[in-house]
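Working through the structure, step by step
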Amino acid sequence: MKNVLILGSTGSIGINALKVIEHLSDSFRVIGLTAYNNYRLLESQTRKFRPKYIATHEKNLGYLKKALSGIKVKTMDVERDLGLMASLPEVDIVVIAMPGSAALIPFLSAVRSGKIVAPANKEAIVIAGGLIMSEAGRNGAKIIPVDSEQSAIFQCLEGRNKTDLRKVHLTASGGALLNTSRKSFDKLTVKDILAHPRWKMGKKITVDSASLMNKGFEVIEAKWLFDLSVEDINVVIHPEAIVHSMIELTDGSIIAQMAVTDMRLPIQYALTYPKRLPTGLRPLDLAQWGKLSFLRPDFNKFPALSLAIDVAKKGGALPCVLNAANEVAVEAFLNGEIKFTKIVEVVEKIVLRHKPCKSVKLNDINLADQWAREETKKLIG
Ligand code: MG
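**Notes on the pairing of strand β3 (residues 53-56)**
Side chains Tyr-53 and Ala-55 of β3 all project onto a buried face; the interleaved residues Ile-54 and Thr-56 project onto the opposite face, where all are buried too. The pairing of strand β2 (residues 28-35) with β3 spans 4 bridges and is classified as parallel. Pairing of Leu-33 across the sheet is with Ile-54, part of β3. Each parallel crossover has a hand, and for β2 linked through helix α2 (residues 39-49) to β3 it is right-handed. As paired strands, β3 and strand β4 (residues 74-77) are joined by 4 bridges and run parallel to one another. Note that in β4 the partner of Thr-56 across the bridge is Asp-77. Taking the sense of rotation as the criterion, the β-α-β connection linking β3, helix α3 (residues 58-67) and β4 turns out right-handed.

**A word on the domain arrangement of the protein**
Looking at the protein, the domain boundaries give domain 1 (2-143) and domain 2 (156-263 + 293-380). Here the C-alpha centre of domain 2 lies 25 Å away from the C-alpha centre of domain 1. With 19 residues of domain 1 at the interface, the matching set in domain 2 holds 22 residues. The interface formed by domain 1 and domain 2 holds 2 salt bridges in total.

Procedures and definitions
Residues numbered from 1 in each chain as written. Predicted model: local features only at pLDDT ≥ 70, side-chain atom pairs only at ≥ 80, totals over all residues. Heavy atoms only, no water. Buried < 20%, exposed > 50% of the residue type's maximum accessible area, 1.4 Å probe, protein only. Helix = DSSP H or I, 4+ residues; strand = E, 2+ residues; numbered from the N terminus. Pairing = 2+ DSSP bridges. Right-handed = clockwise from strand over helix to strand, strands pointing away. Domains from an automatic or database assignment. Contact = heavy atoms within 4.5 Å. Salt bridge = Lys/Arg side-chain N within 4 Å of Asp/Glu carboxyl O.

Structure representation (structure tokens):
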């Protein structure tokens, strides 16, 4: 029996992770759940899964303690205690399903405690990938990605020699704007952007998928997770989102991982690795699809992708600046303060203003993050 802590249990990844645990309840049990805002769902999840620990925002603690007074559960503060939760000796696996850079502290704590870490969150790896990977190596932690593309690469690489690897082909469904002309981008509303054709996800990541910033983040993430040079990561648009990513070997062979678009599969694999178990999902029927298509990304239409790749090459604290500026700009877009096209314009300005620093210590990351947030807010005004 493995004990699973889910950070961000009320978001789409968290809900799917609970479905997986319910499906595999002979082998996994929920030890902890956390939710920043959605305390009502956290309450019902707590009643159902009976975790030993839960955490939520301070303002919801009073309600939850009262509502769950008949249940034995320790309630914690989501802003203060996630690092502690991730390091608890009874935790075996930490699923990082919460969005944003706030995941960095529990992520570092989990790797320093030698846990199995299953991250769906990409911001933490984008801003501090070097630090996370070196701490994981030093403390014997295992990182098994949940993000569908990174999971696919992880699966394709299994049992192979790193020296046989020539390239990684990171697939992108293309987001909501694949077939929208650049000219009409200025008229796009929040609702247009949130209509992702293939994946149902949180708002922030859906906006990032539309701008392809999400794919740019995944380039940075893949660089760290698989120790690749940015030049060896190729982005290919694949609207059907059936091939979740591919690796190319020295002899030119390409190995792909294909499956239905359902996050339960990569989540389950991260939990059961290296074992494979039935998922109960409908199998992939390729004949039903008939055709799968692949296209080169349009870097002019989606400047966020080239910006992120450039940032990935430069490294240092720049990915952190990119991420922080993007978080603030996306939020401003979702609040109706700026247009969609303004997001990448703003982010690029902030990236160009940043003085490069090669260091990637936690303190530099925090400073760069804070600086970028303040500058972006000022710029948006
Ligand atoms: Mg992805």
